[in-house]
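# Observations on chain architecture
One-letter residues, chain by chain:
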Amino acid sequence: MALGKSAAIVIGSFPLGESDRLVTFYSRDFGKIRGVAKAARRMRSRFGSALELGTLGELVFFDTGRSELVRVDHFDITRPFQRVREDLERLAQAAWIIECVARLTAERDRHVALFGLLVRALRALDGSRKPTRVAICFGVRCIEVLGHRPRLDACVECGRVYPFPRPALGAGGLVCEACARGGGDTLPIAPTTIGAFERLRALSWDEALALPLGRAEAELSVLLEAQVAGLIGHSTRAAKFLREVQRLSPAADERA
Ligand SMILES: [Zn+2]
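Residues numbered from 1 in each chain as written. Predicted model: local features only at pLDDT ≥ 70, side-chain atom pairs only at ≥ 80, totals over all residues.

### A short note on helix α8 (residues 216-232)
- Between its first and last C-alpha, α8 extends 24 Å over 17 residues, near the 24 Å set by a 1.5 Å rise per residue.
- Looking at α8, one finds that the buried residues are A216, E219, L220, S221, L223, L224, E225, Q227, V228 and G230.
- Among the residues trailing α8, G233 stands out with phi positive, at a value near 95 degrees. (Helix = DSSP H or I, 4+ residues; strand = E, 2+ residues; numbered from the N terminus. Expected span 1.5 Å × (residues − 1). Buried ≥ 20, exposed ≤ 12 C-beta atoms within 10 Å, placed from the backbone.)

And the structure:
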């Protein structure tokens, strides 16, 4: 039975049987790992509150080799990102970020850059950064790190070089008006939003968080969710949760 250790973030947590918990981690050294935390739901569990979604910690696990599931031995909190849990808007954006990582990655497929990006995004949400912006900066980089960078310099269907009138964004990148009419899931994208998208992926993380985006911000949120939905085959659950939160508290975003 092999012992594994890595910094990791909880990206999924479900009750299992009477007292256990099935936990999914995104770890720096092993990528996505699923494991059983024995007796994690007992009152005086040694895991305490460590297995809450979004917690960063040091994971120690046993790989039995008999199943894909590991046995979680220890998970010691490094950063609980408490502030994220105290604000619905932050929580909803964190849920979207975590769902992207959970759904777009395969088990035991290591991506150190994606782990670093996830930690940076949760840290930014735990601070005073505007939650929508953090999710956008994360989304732009996440699809890129995983090899799904949308093409923004030409129509992906016919190769027509951008700029062209009435561009749309589909799976893989820009689509011209004629190709968009030919079918496929595309959404209109304003030229200023294309420019903002390009700048966000060229800038450093901190510069991207501070870049003035104006109206392009709301459009980018919608387009990034559509890109992720296209990759996983359906809308994210977090996007629905986010819409509910924004409906209940429309000013949440401006307040942040
Ligand atoms: Zn075209």
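### Section: the domain arrangement of the protein
- For the protein, the assigned domains read domain 1 (2-80) and domain 2 (83-250).
- Put simply, the middle of domain 1 and the middle of domain 2, counted by C-alpha atoms, are 28 Å apart.
- With 16 residues of domain 1 at the contact, the number on the domain 2 side is 17 residues.
- Only β1 (2-16), β2 (20-27) and β3 (31-37) provide two or more residues apiece to the side of domain 1 that touches domain 2.
- Per-class residue counts for the side of domain 1 that touches domain 2 are 7 nonpolar, 4 polar and 5 charged. (Domains from an automatic or database assignment. Contact = placed C-beta atoms within 7 Å. Nonpolar A, V, L, I, M, F, W, Y, C, P; charged D, E, K, R; others polar.)

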